[in-house]
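Residue strings, one per chain:
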Number of protein chains: 2
Amino acid sequence: MEEKEISQAVISRLPRYFRYLGDLKDEGAERVSSQELSRIMKVTASQIRQDLNNFGGFGQQGYGYNVDYLYEEIGKILGLDRKHHLVLIGAGNLGSAIANYMNFEKRGFIISGIFDVDLTLCGKKVREVEVYPMDELEAFIQTHDIDIGVLTIPKAAAVEVANRLIDCGIKAIWNFAHVDLQVPDDVLVENVHLSDSLMKLSYNIATREA
Amino acid sequence: MEEKEISQAVISRLPRYFRYLGDLKDEGAERVSSQELSRIMKVTASQIRQDLNNFGGFGQQGYGYNVDYLYEEIGKILGLDRKHHLVLIGAGNLGSAIANYMNFEKRGFIISGIFDVDLTLCGKKVREVEVYPMDELEAFIQTHDIDIGVLTIPKAAAVEVANRLIDCGIKAIWNFAHVDLQVPDDVLVENVHLSDSLMKLSYNIATREA
């Protein structure tokens, strides 16, 4: 596998393949052709073949793909064959929504602890995960095998908290704060900027009406 | 303006320009060069000039961009010079997070009503927005000037609710449900697939470690 050469565009499509293959698996499908996958996913069959060929290809000419096998393999490529342990900073509605979403845990993303500046929330639980005060963050990370920090806090606090996570050795941040974090080269940041998404929709509405 | 030719990649970057220009505006900056914008946004100056030239360009050679003017103009391009009225379906944590986020309202995205199948939530308010039962959805949309439906409900219910919105004439859906909606060509869907985002992060962790 020449993973180094794979573009972020291809990577962005992998979770979608994984999702559709999961649905096919749930429906009991054993094989799927690139044509069939193309039809349900609304991308061209040639795009699918190209994307999957980045990882060595998984189909036999004329036989299509084995659904279980392709699902497992894409899962491995996505790193879903190992568990990830997360700390979530911000026990507000957004943080609670994420902590309550069971599917993340099903995929191996375990939220180990939640942290919040609001001391009245500390000691409470979201699902079965306890909320801790912010000053316990460093000690918690050092005594748990945490590899992802999730920021569901306002922009103003995000930069400082991100730096605290990085100082603790966290190398991956899932950032919902409305700010682009400046991080060292070896730290990965995946942003979910909800406002950007809503503005993109608004742009498309305005353009359609023009 | 030749808006028809503008790629979704350029459009995806516009909210980010808007965000950075808003920050510059808040800091009292009057002008900004593409070099300076390049430095803070970590994209090349030539990319910035190219992107903005899609809309006719806004700079005078050697003078950089007028921050206020560029902010206003990008806001107009993004359709933020008009108000949007939203219904939000799903008064859970994620829906509440969105309803509570004041910045959407500041940008002209007004949540007019929230709907939920859970009758114990109906009559309650999130911020000042009332939660209504699902069977009032159609009547509410018909008597309010709603242009965007927001789906913060589980995958299983999303397809049916999306169809109800479309039957009421809603032409834009902001979809947080973990499913790709099949909609008529004149209906816009902007997806926020949180799992896809988390898997992308997981892929990048796995690849970095390999």
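Residues numbered from 1 in each chain as written. Chains lettered and ligands numbered in written order. Predicted model: local features only at pLDDT ≥ 70, side-chain atom pairs only at ≥ 80, totals over all residues.

Caption draft 1: Structural view of the overall build of chain A. Each helix and strand in chain A was counted, giving nine helices and nine strands. A fraction of 56% describes how many contacts in chain A between residues 6 or more apart in sequence connect residues 24 or more apart. (Helix = DSSP H or I, 4+ residues; strand = E, 2+ residues; numbered from the N terminus. Contact = placed C-beta atoms within 7 Å.)

Caption draft 2: Inspection of the sheet that holds strand β5 (residues 125-126) of chain A at higher detail. Residues and elements named next belong to chain A. Spatially, β5-β6-β4-β3-β7-β8-β9 is the arrangement adopted by the seven strands of the open sheet, whose pairing is mixed. Looking along the sheet, the strands with just one partner apiece sit at the ends: β5 and β9 (188-191). Relative to strand β8 (residues 172-175), strand β7 (residues 148-151) runs parallel, the two being bridged by three bridges. Among the inter-strand pairings, G149 is bridged to a residue of β8, identified as I173. (Pairing = 2+ DSSP bridges.)

Caption draft 3: The nonpolar core, seen in detail. In this structure, I74(A), L88(A), L151(A), I74(B), L88(B) and L151(B) are the most contacted members of the largest nonpolar core, which totals 117 residues. Ignoring sequence-local partners within four residues, the contact set of I74(A) consists of L14(A), Y17(A), F18(A) and L21(A). (Core = buried A, V, L, I, M, F, W, Y, C linked by C-beta atoms within 7 Å. Buried ≥ 20, exposed ≤ 12 C-beta atoms within 10 Å, placed from the backbone.)

Caption draft 4: Spotlight on the relation of the copies chain A and chain B. Mapping chain A onto chain B calls for a screw motion: a turn of 180° about the axis and a shift of 0.0 Å along it, with 0.0 Å RMSD after fitting. Expressed as an axis order, the relation between the two copies is that of a two-fold axis. When C-alpha positions in chain A are compared against the rotation axis, the closest is assigned to N93(A), at 2.4 Å. By residue overlap, the copies meet face to face through one surface: 100% of the interface positions of chain A are interface positions in chain B. (Least-squares fit on C-alpha atoms with pLDDT ≥ 70 in both.)

Caption draft 5: Focus on the pairing of strand β3 (residues 84-89) of chain B. All names here are of chain B. Here β3 lies mainly inside the structure; five of its six residues are buried. With six bridges connecting them, β3 and strand β4 (residues 109-116) associate as parallel partners. When the bridges of β4 are listed, L86 appears paired with I111. As defined by bridge partners, β3 adjoins strand β7 (residues 148-151) across four bridges and the pair is classed as parallel. Considered in β7, the bridge of V87 is made with G149.

Caption draft 6: Spotlight on helix α8 (residues 155-167) of chain A. In a regular helix each residue adds 1.5 Å, so 13 residues correspond to 18 Å; α8(A) covers 19 Å between its end C-alpha atoms and thus fits that length. Phi turns positive one or two residues past the end of α8(A), at G169(A), with a value near 95°. (Expected span 1.5 Å × (residues − 1).)

Caption draft 7: Expanded view of the interface of chain A and chain B. Contact with chain A, which involves 44 residues of that partner, is made by 44 residues of chain B. Every element with two or more residues in the side of chain A that touches chain B is listed here: α1 (8-26), α5 (93-100), α6 (102-106), β8, β9 and α9 (194-209) of chain A. Of all the elements, α9(A) adds the most residues to the side of chain A that touches chain B, at 15 residues. Among the residues forming the side of chain A that touches chain B, the class breakdown is 24 nonpolar, 13 polar and seven charged. (Nonpolar A, V, L, I, M, F, W, Y, C, P; charged D, E, K, R; others polar.)

Caption draft 8: Structural detail: unusual backbone geometry. The backbone phi angle of K42(A) is positive, close to 60°, even though this residue is not glycine. Residue position: K42(A) is located in the loop between α2 (34-41) and α3 (45-53). In this structure K42(A) comes out as exposed when scored by C-beta crowding, with 8 C-beta atoms within 10 Å. Backbone geometry at R127(B) places phi at a positive 50°, although glycine is not the residue there. Position of R127(B) relative to the elements: it lies in the loop between β5 (125-126) and β6 (129-133).

Caption draft 9: Here's a closer look at the pairing of β7(B). Of the two faces of β7(B), the one holding I148(B) and V150(B) and the one holding G149(B) and L151(B) are both buried throughout. Note that the unit made of β7(B), helix α8 (residues 155-167) of chain B and strand β8 (residues 172-175) of chain B has a crossover that is right-handed. (Right-handed = clockwise from strand over helix to strand, strands pointing away.)

Caption draft 10: Just the sheet that holds β3(B), in detail. Residue and element names in this part refer to chain B. Here seven strands make up an open sheet; going across it, the order is β5-β6-β4-β3-β7-β8-β9 and the pairing mixed. Of all strands in the sheet, those bounded by a partner on one side alone are β5 and β9 (188-191). Relative to β9, β8 is paired through four bridges, and the arrangement is parallel. From the neighbouring strand, A172 faces β9, where its bridge partner is L188. Here α8 sits on the sheet and contacts β3, β7 and β8; the angle it forms with β7, its principal contact strand, is near 170°. (Axes fitted to C-alpha atoms, helices over the stretch in contact; angles between N-to-C directions.)

Caption draft 11: Geometry of the packing of α1(A) against helix α4 (residues 67-77) of chain A. All names here are of chain A. Running from amino to carboxyl end, α1 crosses α4 at an angle of 145°, the nearest separation of the two axes being 9 Å. Our pair here, α1 against α4, has a crossing hand that is left-handed. Taken together, the residues of α4 that come into contact with α1 (itself represented by L14, Y17, F18, L21, G22, L24 and K25) are V67, D68, L70, Y71, I74, G75 and I77. Its residues assigned to classes, the contact of α1 with α4 shows 10 nonpolar, two polar and two charged. (Left-handed = near helix turned anticlockwise from the far one by under 90°.)

Caption draft 12: Here's a closer look at the domain arrangement of chain A. Domain annotation of chain A identifies domain 1 (3-77) and domain 2 (84-196). Inter-centroid distance (C-alpha atoms) of domain 1 of chain A to domain 2 of chain A is 31 Å. (Domains from an automatic or database assignment.)

Caption draft 13: How the structure looks around the environment of A97(A). Along the chain, the position of A97(A) falls in helix α5. Classification of A97(A) by C-beta neighbours within 10 Å gives buried; the count is 21. The spatial distance from the C-alpha of A97(A) to the C-alpha of V126(A) is 9.2 Å, given a sequence separation of 29 residues. Apart from the residues within four sequence positions on either side, A97(A) is in contact with G92(B), N93(B), L94(B) and A97(B).

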